[in-house]
Amino acid sequence: MKSRKISRGLRDLLPPELKVRRFMEEKAAALFASYAYEEVMTPTFEYLEVVEMGTGGNIREELFLFMDREGGILSLRPEMTTGIARLAATHLRDAVFPQRLYYLSNSFRYVQPHLAQYREFWQAGIELLGAEGVRADAEVITIAVKALQEMGLDNFKISLNQIAIFNSLLDDSGLNREEKDCIRSLVENKDLVELSRVLESLDIDDELKETIAILPVLHGGIEVLKRLPYVEKNQRALAAVQELREVYETLQLCGVIDHIVVDMGVLRGLDYYTGTVFEGYSPELGYGLLGGGRYDHLLGKFGFPCPATGFALGMDRLALLLKHPALQKAPRYLVGGKDFAAVIARAEELRKQGFAVEIDVEGKSRQELERKLEGRENCITGGLIYV
Ligand SMILES: N[C@@H](Cc1c[nH]c[nH+]1)C(=O)O
């Protein structure tokens with residue numbers, strides 16, 4: 001037998017799944033376009049050097065690497081934002097900013113595959129380039145909320161944080177890179193027990209310890225920001241807290257605040273974030289549905305300093321939650337008959353009216369077609385027309 005294997009973590013999509021995917025893409029694209037975002041595409045792979053400009057070294061083991069024939073090291077893109085930053089630094093230097101860009105793309109990561117986590121995964125995302133300030137952050141978060149609503153979801157929350165709070169606290173700690181990474185992952189994974197054990201073993205200010213220890217459980221309305229004792233001592237952290245308040249207030253103006261919770265445990269896995277960060281969750285699925293935030297230094301690494309913010313929806317995960325009535329498309333007919341010219345003419349007529357039409361290409365009798373239709377009522381929703 002010929003091998004029919006595909007590599008682990010990849011998959012084929014059959015018509016029902018692809019229908020859901022295309023529906024989601026159409027909704028996302030229409031929403032993004034209504035906010036004046038325009039679609040772009042970048043290559044599926046980039047030089048490793050470019051990819052690591054964005055991701056830092058910290059997801060090296062998740063990259064699919066290979067070589068070109070000139071000896072250059074290439075990586076399948078593990079996410080889209082870095083490629084878009086490179087694109088902007090290459091082609092948009094003379095453009096008028098802010099620039100609003102969107103994409104519907106696949107990316108690749110060598111991860112342990114499980115439900116809703118594939119090695120090839122699809123995202124619909126936006127990047128708002130060249131705009132600093134809380135209004136720009138609020139625009140992308142508002143679009144994130146609306147995107148989930150457009151897909152028919154209403155039971156979801158966007159968890160909001162400001163990465164500079166955590167980063168400036170850690171900078172004060174005097175810890176080395178390894179210790180910082182360890183604390184970061186314990187906070188992200190909400191591993192309270194291990195976090196307090198590690199903090200206990202470190203020689204840092206007690207109030208700072210206390211503040212870091214409660215970050216994973218600081219979750220709720222804007223009032224959680226009052227529970228950060230050490231922040232008063234750190235100007236950068238204080239400014240970041242103030243900015244988070246302003247983003248929250250602006251989201252109130254945008255009418256999406258019911259979907260927002262402050263969550264000091266949201267740190268995002270990627271290195272490039274500098275300010276507001278957020279993730280979207282539904283109680284129906286244990287994994288994030290979207291993620292994004294501000295990354296003001298990434299374009300600068302490509303020689304084009306420019307503030308930026310954006311997010312991406314995880315389309316594979318969203319598809320698991322989608323039960324949208326609009327997925328029932330126009331009725332579909334089966335047209336058959338002895339006179340093939342008449343069959344073709346009737347089918348064309350129906351298609352012009354906007355229906356989907358299957359014609360019987362096997363020249364079957366009415367009875368045979370009726371029998372064939374049994375059990376396919378869900379598919380041939382318009383029924384049989386025999387001419
Ligand atoms: N590229 C990020 C999402 C993002 C878009 N813009 C900013 N962040 C991700 O894959 O998680």
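Just so you know, these numbers come straight off a predicted model, no measurement behind them. (Residues numbered from 1 in each chain as written. Predicted model: local features only at pLDDT ≥ 70, side-chain atom pairs only at ≥ 80, totals over all residues. Heavy atoms only, no water.)

Draft legend 1. Here's a closer look at the overall build of the chain. Across its full length, the chain holds 13 helices and 15 strands. Along the first, second and third principal axes, the C-alpha atoms of the chain reach 90 × 55 × 50 Å. When the 387 residues of the chain are sorted by exposure, 49% land in the buried category. Expressed as a percentage of contacts within the chain between residues at least 6 apart in sequence, the contacts between residues at least 24 apart total 68%. Accessible surface, the chain: about 19600 Å² in total, of which carbon and sulfur atoms supply 51%. Here the chain holds 47 positive side-chain charges and 58 negative ones, and the gap between their average locations is 7 Å. (Helix = DSSP H or I, 4+ residues; strand = E, 2+ residues; numbered from the N terminus. Buried < 20%, exposed > 50% of the residue type's maximum accessible area, 1.4 Å probe, protein only. Contact = heavy atoms within 4.5 Å. Areas by Shrake-Rupley, 256 points an atom, 1.4 Å probe, with all protein chains shown as cover. Lys, Arg positive; Asp, Glu negative; His and termini not counted. Charge placed at Lys NZ, Arg CZ, Asp CG, Glu CD.)

Draft legend 2. Fine view of unusual backbone geometry. For the bond running from F97 to P98, omega is 0°, close enough to zero to count as cis. Tracing the chain through its elements places P98 in the loop between α3 (81–91) and β5 (99–108). A positive phi angle is found at K190, which is not glycine, with a value near 50°. With respect to the element layout, K190 can be found in the loop between α6 (177–188) and α7 (192–201). Owing to a relative accessible area of 38%, K190 belongs among the partly exposed residues under this scheme. The backbone phi angle of R268 is positive, close to 65°, even though this residue is not glycine. Judged by its relative accessible area of 15%, R268 falls in the buried class.

Draft legend 3. Up close: the environment of Y102. One can find Y102 in strand β5. On a C-alpha basis, the gap between Y102 and F32 in space is 7.0 Å, while along the polypeptide they are 70 residues apart. For Y102, the residues in contact, after removing those within four places along its chain, are A29, F32, Y37, E38, E39, V40, G125 and I126.

Draft legend 4. Spatial organisation of α7. What α7 keeps buried is the set L195, V198 and L199. Taken end-on, α7 shows its buried residues confined to a sector of 100°, consistent with a single buried face. In α7, the exposed positions angled more than 90 degrees off the buried face are occupied by V193, E200 and S201. Summarising the contacts, the buried residues of α7 are in contact with α6 and α8 (206–214). (Arc of directions from axis to C-beta.)

Draft legend 5. Region of interest: the packing of aromatic side chains. Taken as a whole and judged by the stated rule, the model has nine aromatic pairs. Both rings, one in F278 and one in F311, keep their centres 6.2 Å apart while their planes meet at 55°; by these two values the pair is tilted. Note that F278 is positioned in strand β10 (residues 276–282) and F311 in strand β12 (residues 308–314), a separation of 33 residues in sequence. Residue F278 is classed as buried on the basis of its relative accessible area, which comes to 1%. Classification of F311 by relative accessible area gives buried; the value is 2%. An aromatic cluster is present here, built from F32, Y102, F278 and F311 joined pairwise through their rings. One Lys or Arg, R11, reaches over the ring of Y118 and ends 3.8 Å from the middle of that ring. (Phe/Tyr/Trp six-rings, centres within 6.5 Å; stacked < 30°, edge-to-face > 60°. Lys NZ or Arg CZ within 6 Å of the ring centre and 35° of its normal.)

Draft legend 6. Structural context of empty space enclosed by the protein. One pass over the full model with this rule turns up one cavity of 30 Å³ or more. Quantified by volume, the largest cavity comes out at close to 50 Å³. What lines the largest cavity is T42, P43, E46, V50, V51, R77, E79, T82 and G83. Counting only elements with at least two residues in the lining of the largest cavity, the list comes to α2 (48–55) and α3. In terms of residue class, the lining of the largest cavity is made up of three nonpolar, three polar and three charged. (1 Å grid on protein atoms, 1.4 Å probe; cavity = no way out; pocket = protein on both sides within 12 Å on 5 of 7 lines; lining within 4 Å. Points joined across faces, edges and corners; volume = space filled by probe spheres on them. Nonpolar A, V, L, I, M, F, W, Y, C, P; charged D, E, K, R; others polar.)

Draft legend 7. Fine view of the pattern of salt bridges. Going through the model one piece at a time under the given rule, you end up with 24 salt bridges. Close ionic contact of D263 with K190 constitutes a salt bridge, the shortest N to O distance being 3.3 Å. Of this pair, D263 sits in strand β9 (residues 260–263) while K190 sits in the loop between α6 and α7, and the two are 73 residues apart along the sequence. The exposure class of D263 is buried, given its relative accessible area of 5%. Salt bridges linked by common partners bring R11, R21 and D316 together as one network. (Salt bridge = Lys/Arg side-chain N within 4 Å of Asp/Glu carboxyl O.)

Draft legend 8. Seen up close, the UniProt feature "binding site: L-histidine" (unreviewed entry) in the chain. Residues given the UniProt feature "binding site: L-histidine" (unreviewed entry) here are E79, M80, T81, R109, Q123, E127, R268, Y272 and Y273. Here the residues from the annotation list that line the largest cavity are E79. Its location among the elements puts M80 in the loop between β4 (73–76) and α3. The exposure class assigned to M80 is buried, which follows from its relative accessible area of 1%. Among residues more than four places away in sequence, those in contact with Y272 are G54, E79, T81, T82, R294, Y295 and L298. Of note is the side chain of Y272, whose polar atom sits 2.6 Å from the side chain of E79. (UniProt positions renumbered as here; feature names shortened; annotations may be inferred. Polar contact = N/O pair within 3.5 Å; in protein donor to acceptor, adjacent residues only side chain to side chain.)

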